[in-house]
Structures are given as C-alpha cells and as structure tokens.
Amino acid sequence: MRTDFQHLLVKQDGGALTITMNRPEVLNAFNDLMLAELTEVVETAAQDEAVRCVVLTGAGRAFGSGQDLHSLVEGRSSGAVGSVSEHLQKYHRVVYAIREMPKPVIAAVRGVAAGISCNIALACDLRIVSDDARFIEAFARIGLVPDGGGGYFLPRLVGVGKALELSMLADEVSGPEAERIGLVNTCVPLEEFEEATRALANRLANGPTRAYALIKKLIYTSAESDLQTSMRLEGELQDMAFETEDHQNAVVAFLQKRKPEYKGR
Ligand code: LHQ
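Residues numbered from 1 in each chain as written. Predicted model: local features only at pLDDT ≥ 70, side-chain atom pairs only at ≥ 80, totals over all residues. Heavy atoms only, no water.

Asks: I keep staring at the sheet that holds strand E8 (residues 173-174) and nothing clicks. Help me out?
Replies: Consider a sheet: its strands pair through backbone hydrogen bonds, and that pairing is either parallel or antiparallel. The strand order across the open sheet built from three strands is E5-E7-E8, with neighbouring strands paired in mixed fashion. Only two strands of the sheet have a single neighbouring strand rather than two, namely strand E5 (112-114) and E8. Of the pairings in the sheet, the one linking strand E7 (residues 134-136) to E8 comprises two bridges and is antiparallel in character. Looking at E8, one finds that Phe135 is bridged to Val173. Packed on one face of the sheet, helix H4 (residues 115-123) meets E5 and E7 and runs near 100° to E5. (Pairing = 2+ DSSP bridges. Helix = DSSP H or I, 4+ residues; strand = E, 2+ residues; numbered from the N terminus. Contact = heavy atoms within 4.5 Å. Axes fitted to C-alpha atoms, helices over the stretch in contact; angles between N-to-C directions.)

Asks: Would you mind going over the pattern of salt bridges with me for this structure?
Replies: A side chain of one charge can pair with a side chain of the opposite charge when the charged atoms of the two come close. Scanning the entire structure with this criterion turns up 14 salt bridges. As a salt-bridge pair, Glu43 and Arg93 come within 2.8 Å of each other at their nearest N and O atoms. Linking Glu43 in helix H1 (residues 32-47) with Arg93 in helix H3 (residues 84-100), this pair joins segments that are 50 residues apart in sequence. Owing to a relative accessible area of 28%, Glu43 belongs among the partly exposed residues under this scheme. According to the relative accessible area criterion, Arg93 is partly exposed, its value standing at 48%. For the salt bridge of Arg156 with Glu224, the shortest nitrogen-to-oxygen distance reads 2.9 Å. With a gap of 68 residues between them, Arg156 in helix H5 (residues 150-158) and Glu224 in the loop between helix H9 (209-222) and helix H10 (227-242) connect regions that are remote in the sequence. A relative accessible area of 44% places Arg156 in the partly exposed class. Through salt bridges that share partners, Arg2, Asp4 and Glu40 make up one connected network. (Salt bridge = Lys/Arg side-chain N within 4 Å of Asp/Glu carboxyl O. Buried < 20%, exposed > 50% of the residue type's maximum accessible area, 1.4 Å probe, protein only.)

And the structure:
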C-alpha cells in the first residue's frame, strides 16, 4: 500500500492501519484531493489481508470540518462542481467502502467533527472520542440537509427524535453527551485518548477478523430485515464462521483453558 499521500498520513502498526486526515490548517476539511486519497486508501485497506483493523482520525485539534467551503465555492464558480449530488457520489464511495470493509473501522475523534466529516465518523463501525470532541451536524447552519449518509446513520444511532433535533438545531454535541445518547461508543479524557485508541485498535486487529466481517453484515442488514430474514442470514453467516480457523482454534483453546490467538483466518 502506498503511503506518500499529500493530505493523509498512513501508518501501519501490526494489523492496525491508522489513516490521519492531514489538513490541520482548515481543521481537516475535505478538498477533492483529500477525498480521492481517502477513497484510495480505504479501498486498498479492504483488500489487504495484513490490515485487520482501520482507524480513521484527524491531525491537530480536529477530526474534520466537513466539505472545504473555499474549494466548494471555487468549484461552483469555475463550473468544476456540477450538481451537488454528483459531487456527493464521491463521498458516497468512501461511505460504502467503510461499511463494506470486511474488518472493523474505528473513528477516533478529538475536537470538532462537523458536516460530512461528522457523518463519515458515523459511517464507521465504532467511535472512540476524547472529552473535547464536538459533533456538529452543521448542514442546517448553511441551509443544507445532512449528507454523506447522515440521514441514514443518525436515526439508527440515536432515534428519530434526536436525529431531527441534531439536524435541525445543528448544535454542538460534546464527547460526554455523544456517549450518553449513543452517538459514540466511548468518551475518554483527552490525555488518555491516543493510548485508548491504540489499545482498542490492537484488540480488534488481534481478534477474529472473519467473524467481525460477518458480524458487520448481520448487524447492518438487520435494520432492513424482519426477524425471520435476519435469523436466516444468521444461519448462513454462522456456517461461514464455523469453518474459520479462528473459531476452531478458539474452541480448542477454551477447552485447554488457555487464551485463543486469532490469526484472522
Ligand atoms: C474551514 C472549514 C471548512 C474551509 C473550518 N472549509 N475552511 C456540502 C455541500 C456539498 C458537497 C459536499 O458536502 C457538503 C457537506 C458539508 O460538509 S457542509 C458543512 C461544511 N462545514 C461547515 O459548515 C463547518 C464550517 N466550519 C465551522 O463552522 C467552524 O470552523 C467549526 C465549528 C468547524 C470550528 O470552529 P472553530 O473551532 O472556532 O475553528 P475556526 O472556525 O476558527 O476554524 C479554524 C480554521 O479552519 C479557520 O481558518 P483561519 O484561516 O481563519 O484560521 C476556518 O476558516 C477553517 N475552516 N472549517 N469547512
């Protein structure tokens, strides 16, 4: 995997790949190049068996401030940005790649996550945040609707009423409040954030990777399924999980009263 990106820092530590969006002077706002680079690295990580967990984070004091509004205005006046929905398809490609990634994706959020950066964090499987985190569905502030899948993820994470409130009022949600309402999984003090993120990523990178991929499929499909359909899928997925080396070795390890070592196979 290449790592010489202009607006991303990409670092692998064991099975955990950390992707850091790196435009701190604009709080990691997305321009076209950063979006294209993110798409490339996420799609490549999906295929790479050496990567067993992905962490998405931001450089400096923020996770991300959404679409770069300077480049949006320039793109509009030069005609480079045609319809917004066409432009959005480039973001959708990243959102799909995260959701379809056959391994866990963690958003590690410190500081602000606004606009489409906020919704890309919501597309990830797990969110760990620092207590200085600020989630802002900023769209209504500039007369827009939540995009990047926000209209889908928000009500599923926090319920319809809260999703409407966050979208319409576009007020900040702090890290502790985000944890309380279920928008994120864990909020930790800023000074513990890096270590807690590393520990979570390592834990997942050393887990039963194939089972994690099947778990993603089961849980994400359930929102569109009835119980019968979900339990039919559960059977198909369990057939696959049952055949994995990780499952078989973990059962032997349990019976021998030792810790399992998962290989991701
Ligand atoms: C920025 C940005 C930014 C450029 C901070 N752009 N420079 C819509 C349409 C079409 C297609 C795709 O998707 C979308 C979806 C969207 O994402 S729409 C939403 C776009 N984002 C926003 O509306 C948020 C705009 N930013 C803000 O409201 C504030 O900057 C927040 C609340 C994020 C952070 O506030 P502060 O902590 O007070 O920081 P700041 O405002 O001082 O920002 C620091 C610098 O970053 C500053 O530059 P400067 O040169 O003055 O130091 C900002 O201009 C720049 N910046 N966001 N999105």
